[in-house]
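Coordinates in review
Here are the chains, one letter per residue:
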Amino acid sequence: RARYGLVAVWAVSFLLCAERSSSAAECNQGDVRLEGRGGTVGQGRVEVCDSNAWWRVCKDQFGTAEASVVCRQLGFSENGIRMAPGSYFGDPGHGPILQMSCSGNEQRVSNCSLQPSFNHSCTSLELAGVLCEALNFSCGEGDVRLVSGRTRYEGRVEVCRSNTFGTVCNDLSWGSEEAQVVCGQLGYTITGAIATEGTVFGAGVDPLFLTGLQCFGTEPDLLQCSFYRSPLIDYFCSAHENDAGVICPSPNEACSYGDVRLVNGRMPSEGRVEICFNGNWGTICHYGWSQANAAVVCSQLGYPSEGAIPIVFGNFGPGDSYLFLSDVSCLGNESSLLDCYHPLDIGTAPFCTHNIDAGVICADPSFNCTNGDVRLVNGITPHEGLLEICYGNHFGTVCQFGFGQTEAAVVCRQLGYNGYAIGLWGAPFGNGRGLVHLRNVQCQGNESYLLLCDHAPIDANTNCLHSQDISILCAGNRSSCIDGDLRLVGGPDRQSGRVEVCFSGVWGTICDNGWNDNDATVVCRQLGYPTKGAIALSSAYYGEGKGIIFLDEVQCDGNATSILQCIDGGLDVGVQLCGHGQDASVVCGAMNTSNQTCSNGQLRLVGGSSSGREGRLEVCIGGTWGTVCNNGWSNVEASVACRELGHSPTGAHTWSGDLSASSYLSSDLKCTGNETSVWDCPFRTRHVQSTCRGGVANAICKVPNCQGQDLQLVGGTRANEGTIQACFQQEWVTICDDIWFNVVVNVAAVACHQLGFNQGTAVPLRFSHYGGLNTSLSLLTMICGGHEAAIQSCDFTLGTCPQNRQAGVICPTSNDSDICTNGDIRLVGGASTWEGRVELCFNGVWGTVCSYPWTQLDAQVVCKQRSLGTRGAIPTISAFFGEGQGPVFLSQVECTGNEETLLECNRYAVGVENCHHYDDAGVICRPDNATVVCGDGDIRLRGAEPNAGIMEMCVSNVWRSVCASSQSTREEWVNTSKIACGQLDLNTQGVSVDYISNDTSVVRIHCVGTETGLGQCLTPQQDATSYNCYYLLNVQCQVPECRRKELRLVGGAMHSEGTVQMCVSHNWSAVCYHSWGSMAASVVCRQLGASQGSPLVLKGSVFGALNGSTGTVGELYCKGNETSVQDCSYTPTSCSSSNLAAVVCPNSSLLCSTGSLRLVDGGSQYEGRVEMCLGNQWGTLCSDTWSSIKAQVVCTQLGYTDNGYAYGLKYAAFGMGTNPVLNGELACNGTEMALLQCYRNVERISCGHAEDIGVLCPHRDSACPNGAVRLIGGRIPSEGRVEVCLGGVWGTVCHDERSWSLHSAEVVCGQLGY
């Protein structure tokens, strides 16, 4: 890369030529300078010299490193450098711009990276500027200086921090005390120090050092004052629009403190009020300005106070110095304005500008005028000038609004002039001063003087500025020209120039608003010049005129013979709001072309390597070639230029090359791309300039891409299909599908015939089916009769077509049947072969069917054609089975249901549709032999966990996702999800729901919240799948404690035994014993799979106490034939843990069944040691409280209940057992049916086998009756050992001292008959 690399760049080479040919001073390569407003040494806009031209520098990459190099090269200090905001030092308005990038160590900018900034990437509002300090600069912490003042005693305050000066904000705390500190710190007098606000001394640059200053006025320097920052202050101060300034008293004052004067009046007794402070004159803001204030000013100046008039809104012109006072309030008797009350410090005038400077008109005894007198001032002759009217012995102006030729005629007649009178808007003779007396003047035309015309109240608030003062041009006695005459001024020949028109003997210009070639044609015709090629030029193309601008918004149709005919609509001459920078010009056709090199309006491309096809665009104006600036120039305008030159417009684009030129036409063209000539393009202005800031217009025109009536199909997979491209003006253009329906069948037929496809029916396609082509021109609104030999012979218009609206076609061929047969139907995208998106074959291509409209009758025909039956056929719309990829063949299908094929139904022609794939139709057929996948209304959750996922419902034997309708509220989604969770036997509490993007077929449901299953929420069948859904319902149910109809036995050693718990409302509930019986126990055991044998019915805490807050149910009544205990009737109730139902179900695989009993080591089956089965193991029992009542329970369980009582025996009466001792307690009342019912497995003191219990059960075959006694072993029958019969067994009676006595013996002897 060259060090600059700029000379060869086309965009600026012409500028360099222009600079060399101008009077600008030459420069040396790599020089740098600081330019712009202020002229302060070391400050300015950065400009770098390259190729003998000065380049501005873009601020984008300009930082402290670049600023250091600039200041170093210019010999300034590298300390205290500050960078200015974008274009702080102004913009010259022309010249190239470059990007600068430095490391900061370079000695010269030429050692930095310099690159041109093209295409307006850096605007004139983004130019770099720097503020360098003098060599060896340094400042002490807290030093202050005054900048940009006219004397050293005034200026913007800057304070030094860290060896750099920065600004101080004049926020609400800035006042006279702070100004006194600054003046004192600088060694000046502090009395009378004035604090200024706003940008009196101009805006500074960053850094901003001090805000929120608060001084007492006695501090030695500013840093001794308090200061603070806040977001509000930072916002107020950040743009440097409120940098603080001071005016310190000067020892050489030009005026005395408090003096007043009147400035810019028409006479000494009137003018803008200025007051003197610290030797400086300044103005007064008009806020609060009153008649009393004016009276004091006039009295102080020696005029009468009576009749003093206050003037506001800067009507004596804006001041150019300080704004000293605001909100002045006088009583009227003060001797000096300074004696009046003014609440704000001198120099403080918030929200004021010089545009609202106050003024006065004092009564001047030496002047006199009569109410209604009028005069014209500032004109060259007495019969022209600014209109003033006398009222109250003061002349004032008249507002232009509503003032026209009728009113102007009254004024001229009052002044003694007859003839044409013109009211001129825009104060062409300068702004008036003082009062605006009249506004809204409306004359009939016969009034003798102006004051007789209707008008608003005199001296009321006119809301009119002096820039809107009316001026008058009266006819006078001049006859140098006739009204309506034209002339051309300033052009290179008599056929071109600035247009000037005559009124009242005065020549004036025409404003270029609305100025066009039709207006130029009329001008040329009126002047007698050829009108062919007449060109309208704007923006003072041939220089700015002088004097009056007579006409604006001229609207000629090109046929008028005089410019006056173009203003017949009532446009007032002179009523316009233009400046001379908008003067209109024309170039007429040449009368003698022998000395001209070109014809007006002719184009050419110059300077390119391909002669005539590329280069700089030049246009002929007035027989001379001129270069066109690239204002608004783009590939669109280039394409129009290429078309006009006879080249292909498609692909035309701008070009880079050596484009030096000497004169430039700026037109601001805005072409659409469809014009046949650049002169047909709308333009904002046409004017000449010495340089083109952004470059010159240029183009490359492409070689023709096609010839004659060529036609091609693009983008298809076969030669017979694709987007239609027709050759037009040597370029391929597309055909727009803006006119469609059945008329396009002829367009498609002509295209296919033109391409040689004549085997069948052509199918038109819409919406850029084969992809949008990038073309600048299309054939629109095409209508063919069908007999044309080529598309180009059909009717059409030229224009641009959206890239997604290009027409395509499928032409028929003899090989189409190898792929599929016209009219064939297939179903695509379904979960089975009997459902899917309907696709139709035509011309060997599969396409879809539009579902607008699409009914059950249409679906029925599709299912019939597919031999899938017609019963229950369901139509689907809105791409229920996904969007297709091919063309949309059919739309507006209306079947009766009796057709055999879809093509037999009433419909649009194949390919004639107004549909997109998001409306693709589908069907769900229901064949008789279909495999059952799921039942209608079934639901499931599709996800990684069984309790969470996408909700799906079975519809027509297919699982469908449930749509999260955007029309439903989140509460409705939750209700729907609760129903689903309940249907899935999951917990409905704590349900969470959200939605995910839809990627599958859906079903539409609507629940109200009372349903027990989602099947009850299904919409009518014909609408169930006809829904365009974007989100799916994603549900997370809570896993329940138990599921519906679950049952368990708790606490047992085996699964077939334990306390009964049944699942109720997804929670485990125990069963109370008071309604517990063999019927319910048999249902429980059957539900648990133990249906053989009889269960053992138990109660209480046989299997231990239950943990947790398990609920209970009671009133359990079973018939015995139920499949689950939940099918029995029951109600929620409460009972203690000792009254819970338990059961031992029969289990043939066990050694013994829990609770079973046996008698061991007895003399018969009715007696023995008691052993019970627990945990599939036999064990003995011991009990300190063992009794016959408890023994009766054992005998009852064993079935020995006949013939008497049972007797309990302790202390291993039948020997000690060997199996484990069951460490439990027996709490029987004798009514239990099984010992386990009164067995309590509780902690107790263990006992050994010596305490094993036994029983004697009664039976019919007993050897003796219960209670019988006998005497055994005596010498005679009346004596012996006493034995008693219990349970059919003889046994002895223990003798102990407490129980066996004489009374006992007497009972025995008596029982034996002794």
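Definitions and limits used
Residues numbered from 1 in each chain as written. Predicted model: local features only at pLDDT ≥ 70, side-chain atom pairs only at ≥ 80, totals over all residues. Heavy atoms only, no water. Helix = DSSP H or I, 4+ residues; strand = E, 2+ residues; numbered from the N terminus. Buried < 20%, exposed > 50% of the residue type's maximum accessible area, 1.4 Å probe, protein only. Contact = heavy atoms within 4.5 Å. Areas by Shrake-Rupley, 256 points an atom, 1.4 Å probe, with all protein chains shown as cover. pLDDT = per-residue confidence, 0-100. Expected span 1.5 Å × (residues − 1). Salt bridge = Lys/Arg side-chain N within 4 Å of Asp/Glu carboxyl O. Pairing = 2+ DSSP bridges. Axes fitted to C-alpha atoms, helices over the stretch in contact; angles between N-to-C directions. Disulfide = S-S within 2.5 Å. Phe/Tyr/Trp six-rings, centres within 6.5 Å; stacked < 30°, edge-to-face > 60°. Lys NZ or Arg CZ within 6 Å of the ring centre and 35° of its normal. Core = buried A, V, L, I, M, F, W, Y, C linked by side-chain atoms within 4.5 Å. Polar contact = N/O pair within 3.5 Å; in protein donor to acceptor, adjacent residues only side chain to side chain.

When you go through the protein residue by residue, the secondary structure sums to 14 helices and 74 strands. Residues counted as buried form 52% of the 1314 residues belonging to the protein. Residue pairs at least 24 apart in sequence account for 70% of intrachain contacts in the protein once pairs closer than 6 positions are excluded. Taken as a whole, the protein presents about 57,100 Å² of accessible surface, with 48% of it coming from carbon and sulfur.

Bringing the confidence of the model for the protein into the picture now. Across the protein, pLDDT averages 80, with 86% of residues at or above 70. Confidence drops under a pLDDT of 50 for residues 1–25, and excluding neighbours within four residues, the segment shows 63 contacts in the predicted structure. When the criterion is pLDDT under 50, residues 1020–1027 qualifies, and its contacts beyond four places in sequence or with other chains add up to 26 contacts.

With 14 residues, helix α11 (residues 970–983) should cover 20 Å at 1.5 Å per step; its first-to-last C-alpha distance of 20 Å lies within 8% of that length. Inspection of α11 places Trp 973, Thr 976, Ser 977, Ile 979, Ala 980, Cys 981 and Gly 982 among the buried residues, and these make up the whole buried set.

Opposite charge on two side chains permits pairing when their charged atoms draw close. Throughout the structure, instances matching the rule amount to 33 salt bridges. Close ionic contact of Glu 47 with Arg 45 constitutes a salt bridge, the shortest N to O distance being 2.9 Å. Assigned by exposure class, Glu 47 and Arg 45 land together as buried. Residue Glu 1171 pairs with Arg 1169 through a salt bridge whose shortest N-O separation is 3.6 Å. Taken individually, Glu 1171 and Arg 1169 each receive the classification buried, so the pair is uniform in this respect.

Regarding helix α7 (residues 517–527), the residues found buried are Asp 519, Ala 520, Thr 521, Val 522, Val 523 and Cys 524. Where α7 is buried, its residues touch β26 (486–490), β27 (496–503), β29 (535–537) and β31 (585–587).

What follows concerns the environment of Leu 986. Here Leu 986 is to be found in the loop between α11 and β55 (987–997). On the basis of relative accessible area, Leu 986 is assigned to the buried category, the value being 2%. C-alpha separation for the pair Leu 986 and Glu 1041, spaced 55 residues apart in sequence, amounts to 9.1 Å. Discounting residues that sit within four places of it in the chain, Leu 986 has contacts with Pro 946, Asn 947, Cys 981, Cys 1037, Gln 1038, Pro 1040, Arg 1043 and His 1066.

All right, on to the sheet that holds strand β74 (residues 1289–1292) then. The sheet built from 3 strands is open, its strands ordered β72-β73-β74 with antiparallel pairing. Edge positions in the sheet fall to β72 (1269–1273) and β74, since each of these pairs with one other strand and no more. Averaged over all pairs of adjacent strands, the angle between their axes in this sheet comes to 40°, without regard to strand direction. Alignment of β72 against strand β73 (residues 1280–1286), held across 5 bridges, turns out to be antiparallel. Opposite Leu 1271, over in β73, you have Val 1282 as the bridge partner.

In terms of burial, strand β33 (residues 614–621) is largely enclosed, as 8 of its 8 residues are buried. Where strand β32 (residues 603–607) meets β33, 5 bridges bridge the pair, whose relative direction is antiparallel. Residue pairing for β33: Leu 605 is matched across the bridge by Leu 617. Pairing of β33 with strand β38 (residues 698–702) involves 3 bridges; the strand directions are antiparallel. When the bridges of β38 are listed, Glu 614 appears paired with Ile 700. With 4 bridges joining them, β33 and strand β34 (residues 624–628) adopt antiparallel strand pairing. Bridged to Ile 621 within β34 is Thr 624.

This paragraph deals with the state of the cysteines. A full pass over the atoms with the stated rule returns 34 disulfides. Here Cys 706 is linked by a disulfide to Cys 727, with a sulfur-sulfur distance of 2.1 Å. A torsion of 90° about the S-S bond marks the disulfide between Cys 706 and Cys 727 as right-handed. Of this pair, Cys 706 sits in the loop between β38 and β39 (711–715) while Cys 727 sits in strand β40 (residues 721–728), placing them 21 residues apart in sequence. Since its relative accessible area comes to 3%, Cys 706 is described here as buried. On the basis of relative accessibility, which here comes to 2%, the residue Cys 727 falls in the buried class. Covalently, Cys 1228 is tied to Cys 1238 through a disulfide, its sulfur atoms 1.8 Å apart. Disulfide Cys 1228-Cys 1238: torsion about the S-S bond near 60°, hence right-handed. Separated by 10 residues along the polypeptide, Cys 1228 in the loop between β69 (1225–1226) and β70 (1239–1240) and Cys 1238 in the loop between β69 and β70 bring together distant segments of the chain. Of the two residues, Cys 1228 and Cys 1238, both sit in the buried class.

Our focus in this paragraph is the packing of aromatic side chains. Applying the stated criterion to the full structure yields 12 aromatic pairs. Judged by centre distance (5.1 Å) and plane angle (90°), the ring pair of Phe 277 and Phe 324 falls under edge-to-face. Taken together, the positions of Phe 277 in strand β15 (residues 270–277) and Phe 324 in strand β18 (residues 322–325) put the pair 47 residues apart, joining distant regions of the chain. Phe 324 shares its class with Phe 277; the two are buried. Consider the rings of Phe 367 and Phe 395, whose centres lie 6.3 Å apart with planes at 65°: the pair is edge-to-face. Residue Phe 367 is located in the loop between β19 (359–361) and β20 (374–377), and its partner Phe 395 is located in strand β22 (residues 394–398); the two are separated by 28 residues in the primary sequence. Residue class for Phe 395 comes out buried when judged on its relative accessible area of 9%. Its end group placed over the ring of Phe 395, Arg 375 keeps NZ or CZ at 3.8 Å from the ring centre.

This part covers unusual backbone geometry. In this chain, Tyr 852 is followed by Pro 853 through a cis amide linkage whose omega measures -5°. For Pro 853, the location among the structural elements is in the loop between β48 (845–849) and α10 (856–865). A positive phi angle, near 65°, is found at Asn 136, a position not held by glycine. Positionally, Asn 136 belongs in the loop between β7 (129–133) and β8 (144–147). Although it is not a glycine, Asp 327 adopts a positive phi angle of roughly 60°. Within the secondary structure, Asp 327 is located in the loop between β18 and β19. We classify Asp 327 as partly exposed; its relative accessible area is 32%.

Attention now moves to the nonpolar core. Trp 515, Phe 550, Leu 551 and Ile 563 are the most contacted members of the largest nonpolar core, which has 33 residues in total. Of the residues forming this core, the biggest block, 4 residues, is contributed by α7. Counting 30 residues, the second largest nonpolar core, distinct from the first, contains Leu 1096, Tyr 1166, Met 1172 and Tyr 1239.

Looking now at the side chain of Thr 723. Mapping Thr 723 onto the fold places it in strand β40. Classification of Thr 723 by relative accessible area gives buried; the value is 1%.

Further remarks concern the environment of Asp 143. Among the secondary structure elements, Asp 143 is positioned in the loop between β7 and β8. The spacing of Asp 143 and Val 159 is 16 residues in sequence and 5.6 Å in space, taken between C-alpha atoms. What Asp 143 contacts, discounting residues up to four positions off in sequence, is Glu 158, Val 159, Cys 160, Phe 165 and Gln 185. Polar contacts involving the side chain of Asp 143 include one to the main-chain amide nitrogen of Gly 140, which spans 2.8 Å.

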